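# Fold and geometry: a report
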Amino acid sequence: MIRVAIDGPAGVGKSSTSKALAKYFGYAYLDTGAMYRAAAWWCLQQGIDLDADSVDERIVTQCVADLFTDGHFDIGLDPDRPYVRVNGNEIGDAIRDADVSLHVSKVSNVIPVRHLLIAAQRAYIDGEAGEDSFSQGAGVVAEGRDITTVVEPEAEVRVLLTARPEVRQARRSGQSSISRGVVGSEDVSARDKADSGTTNFLDAAPGVTTLDNSDLTFEQTLDRLIELVDDAI
Ligand code: C5P
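Residues numbered from 1 in each chain as written. Predicted model: local features only at pLDDT ≥ 70, side-chain atom pairs only at ≥ 80, totals over all residues.

Take the overall build of the protein next. Across its full length, the protein holds ten helices and eight strands. Its C-alpha radius of gyration of 17 Å places the protein within 12% of the 17 Å reference for a compact globule of 233 residues. In terms of its C-alpha atoms, the protein occupies a principal-axis envelope of roughly 45 × 40 × 35 Å. Within the span of the protein, comprising 233 residues, buried residues form 42% of the whole. Counting contacts in the protein only where the partners sit at least 6 residues apart, residues at least 24 apart contribute 78% of the total. (Helix = DSSP H or I, 4+ residues; strand = E, 2+ residues; numbered from the N terminus. Rg over C-alpha atoms; globule rule 2.2 N^0.38 Å. Buried ≥ 20, exposed ≤ 12 C-beta atoms within 10 Å, placed from the backbone. Contact = placed C-beta atoms within 7 Å.)

Here's what the structure looks like:
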């Protein structure tokens with residue numbers, strides 16, 4: 001089985017290119033950011049204060065453990081049919097709300113939460129969890145912030161997707177205003193700064209290929225990723 005690990009900062013186009021790459025090869029697709037977003041969304045739903053300067057890590061961990069260990073959570077691995085569900089309800093749109101984007105780093109910086117999610121992510125990647133049809137396939141593309149370094153450092157293909165901050169900001173602004181009807185957009189650099197305490201997704205670890213797509217189109221980025229996977233097959 002080919003494991004493709006793709007990391008990178010906000011607004012670099014990880015999700016769209018990773019999904020297209022998985023479709024191209026008929027691989028499973030795992031959006032680990034969606035799992036952290038679901039964790040933050042669930043904490044907000046439970047009324048946990050994520051605005052505090054220092055969140056109550058014990059309560060946050062307990063809440064996230066409840067979501068991920070009691071079968072409430074479900075994520076689709078088929079790139080043609082992505083879904084994120086909690087107790088059977090689709091939350092794919094809700095977890096991309098500005099409120100979740102604003103608070104997600106507070107949850108993802110809690111180390112026991114990371115341990116829980118890393119274990120869950122490895123189970124999906126190794127085919128021990130998730131949809132049968134895709135969990136035992138020829139390969140999987142997993143994207144996030146620490147896949148190349150922590151979740152799957154032995155992955156056959158490891159890529160750090162980067163782009164200049166102003167390019168990422170412009171892409172994210174377009175996404176927010178067009179697809180979400182949001183006026184203005186989030187500050188991607190602020191989220192990167194908040195995330196960089198626990199994960200290093202700005203420098204490539206040894207053996208990881210850096211792909212800067214600042215001046216590449218979506219198709220050019222995808223072609224380059226396809227080449228990297230082809231080389232590993
Ligand atoms: O990729 P996306 O922007 O949806 O990720 C949302 C958040 O999830 C990130 O800002 C980060 O806080 C967290 N995350 C993480 N580790 C990953 C993937 C995402 O901490 N592997």
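What follows continues from the structure just given.
Right, let's talk about the sheet that holds strand 1 (residues 2-7) for a bit. Sheet architecture is open: five strands sit in the order 2-6-1-7-8, paired in parallel fashion. Whereas interior strands pair on both sides, the edge strands pair on one side only; in this sheet they are strand 2 (28-31) and strand 8 (209-212). Sheet twist, expressed as the mean angle between neighbouring strand axes with direction ignored, is 20°. Pairing of strand 7 (residues 157-162) with strand 8 involves four bridges; the strand directions are parallel. Opposite V159, over in strand 8, you have T209 as the bridge partner. Packing of helix 1 (residues 14-25) onto the sheet brings it into contact with strand 1, strand 2, strand 6 (139-144) and strand 7, and relative to strand 6 it is tilted by some 180°. (Pairing = 2+ DSSP bridges. Axes fitted to C-alpha atoms, helices over the stretch in contact; angles between N-to-C directions.)

Here we take up helix 1. Over its twelve residues, helix 1 runs 16 Å from end to end, which matches the ideal 16 Å to within 8%, given 1.5 Å per residue. When we look at burial in helix 1, the residues that qualify are K14, T17, S18, L21, A22 and F25. For helix 1, the angular spread of the buried residues around the axis is 135°, confining them to a single face. Contacts from the buried residues of helix 1 go to strand 1, strand 2, strand 6, strand 7 and helix 10 (218-232). Once helix 1 finishes, G26 follows within two positions and takes phi at roughly 70°, a positive value. (Expected span 1.5 Å × (residues − 1). Arc of directions from axis to C-beta.)

Quick look at the site of the ligand now. Neighbouring the ligand are 15 residues; G33, Y36, S108, G144 and R145 lie closest to it. Among the secondary structure elements, those contributing two or more residues to the shell around the ligand are helix 2 (32-45), helix 4 (98-108) and helix 9 (188-195). Looking at the shell around the ligand element by element, the count peaks at four residues for helix 2. Of the residues assigned to the shell around the ligand, the class counts are four nonpolar, six polar and five charged. (Near = placed C-beta within 6 Å. Nonpolar A, V, L, I, M, F, W, Y, C, P; charged D, E, K, R; others polar.)

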